[in-house]
Amino acid sequence: GQQLNQSPQSMFIQEGEDVSMNCTSSSIFNTWLWYKQDPGEGPVLLIALYKAGELTSNGRLTAQFGITRKDSFLNISASIPSDVGIYFCAGHSQGGSEKLVFGKGMKLTVNP
Amino acid sequence: ETGVTQTPRHLVMGMTNKKSLKCEQHLGHNAMYWYKQSAKKPLELMFVYSLEERVENNSVPSRFSPECPNSSHLFLHLHTLQPEDSALYLCASSQFWGGVGYTFGSGTRLTVV
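Definitions and cut-offs
- Residues numbered from 1 in each chain as written.
- Chains lettered and ligands numbered in written order.
- Predicted model: local features only at pLDDT ≥ 70, side-chain atom pairs only at ≥ 80, totals over all residues.
- Heavy atoms only, no water.
- Helix = DSSP H or I, 4+ residues; strand = E, 2+ residues; numbered from the N terminus.
- Rg over C-alpha atoms; globule rule 2.2 N^0.38 Å.
- Buried < 20%, exposed > 50% of the residue type's maximum accessible area, 1.4 Å probe, protein only.
- Contact = heavy atoms within 4.5 Å.
- Pairing = 2+ DSSP bridges.
- Axes fitted to C-alpha atoms, helices over the stretch in contact; angles between N-to-C directions.

Let us now look at the overall build of chain A. In terms of helices and strands, chain A carries zero helices and 11 strands. Helices and strands appear in chain A in the N-to-C order β-β-β-β-β-β-β-β-β-β-β. Here chain A has a C-alpha radius of gyration of 14 Å; the compact-globule value for 112 residues is 13 Å, and the two agree. The dimensions of chain A, computed from C-alpha atoms along their principal axes, are 45 × 25 × 20 Å. Looking at chain A residue by residue over its 112 residues, the buried ones come to 41%.

Spelled out as structure tokens, the structure:
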């Protein structure tokens, strides 16, 4: 089945630093999504990407849909303590299974 | 208010118990999902309901039994579970099956003893 490789699996950074994470797949996706899960909560959608090459920002977050449609990355600039959580990528391909495929997540720790 | 409410938030049950998880959404969505989240594993899709009909069952053991009485409510009935079933169970909804804008609930943390 379709799988997403998300890296890194975890990061420990200092407040104020930037962080990057990415997701790759052996399959083509038509939509890439990035979710954040706070401790004890469900995932919340951060950014959705619908077009190859698309670069989208949401505050300090920037995400890009790879040209090959097989990858995506998420950047967080000037991290703050509330950025702590698990970040998931997810891909969706139309015409096949209707479900989202999720990465394993990247656990971010921000030291004040 | 996330739009998707799950109860209970925490549940501890014995292997011989029967319990149910509840999910409720008031977003007007037509598709609802159950996911299992275990440590260091991707989110595992368990069941999908579209317009109250089950459209996907991802080889989930029969000790998990879903029920969708209407488009706003989704249940997961549990019986004779195993310790390895301990996990966070997440409910989600989307406007339609195949839509990508999933809204997740906060989950039920289940511990089987």
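A separate point is the environment of Tyr-89 of chain B. All names here are of chain B. Here Tyr-89 shows up in strand 9 (residues 87-94). Judged by its relative accessible area of 0%, Tyr-89 falls in the buried class. Tyr-89 sits 20 residues away from Arg-109 along the chain, and the two C-alpha atoms are 6.5 Å apart. Aside from chain neighbours lying at most four places away, what touches Tyr-89 is Gln-6, Leu-21, Trp-34, Tyr-35, Lys-36, Met-46, Phe-64, Leu-76, Gly-107, Thr-108 and Leu-110.

All right, on to the sheet that holds strand 3 (residues 19-25) of chain A then. Residue and element names in this part refer to chain A. What the five strands build is an open sheet, ordered 1-3-8-7-6; its pairing is antiparallel. Unpaired on one side and paired on the other, strand 1 (4-7) and strand 6 (55-58) mark the two borders of the sheet. Across the sheet, the mean angle from the axis of one strand to that of its neighbour is 15°, orientation sign disregarded. Examined bridge by bridge, strand 1 and strand 3 share four bridges and lie antiparallel to one another.

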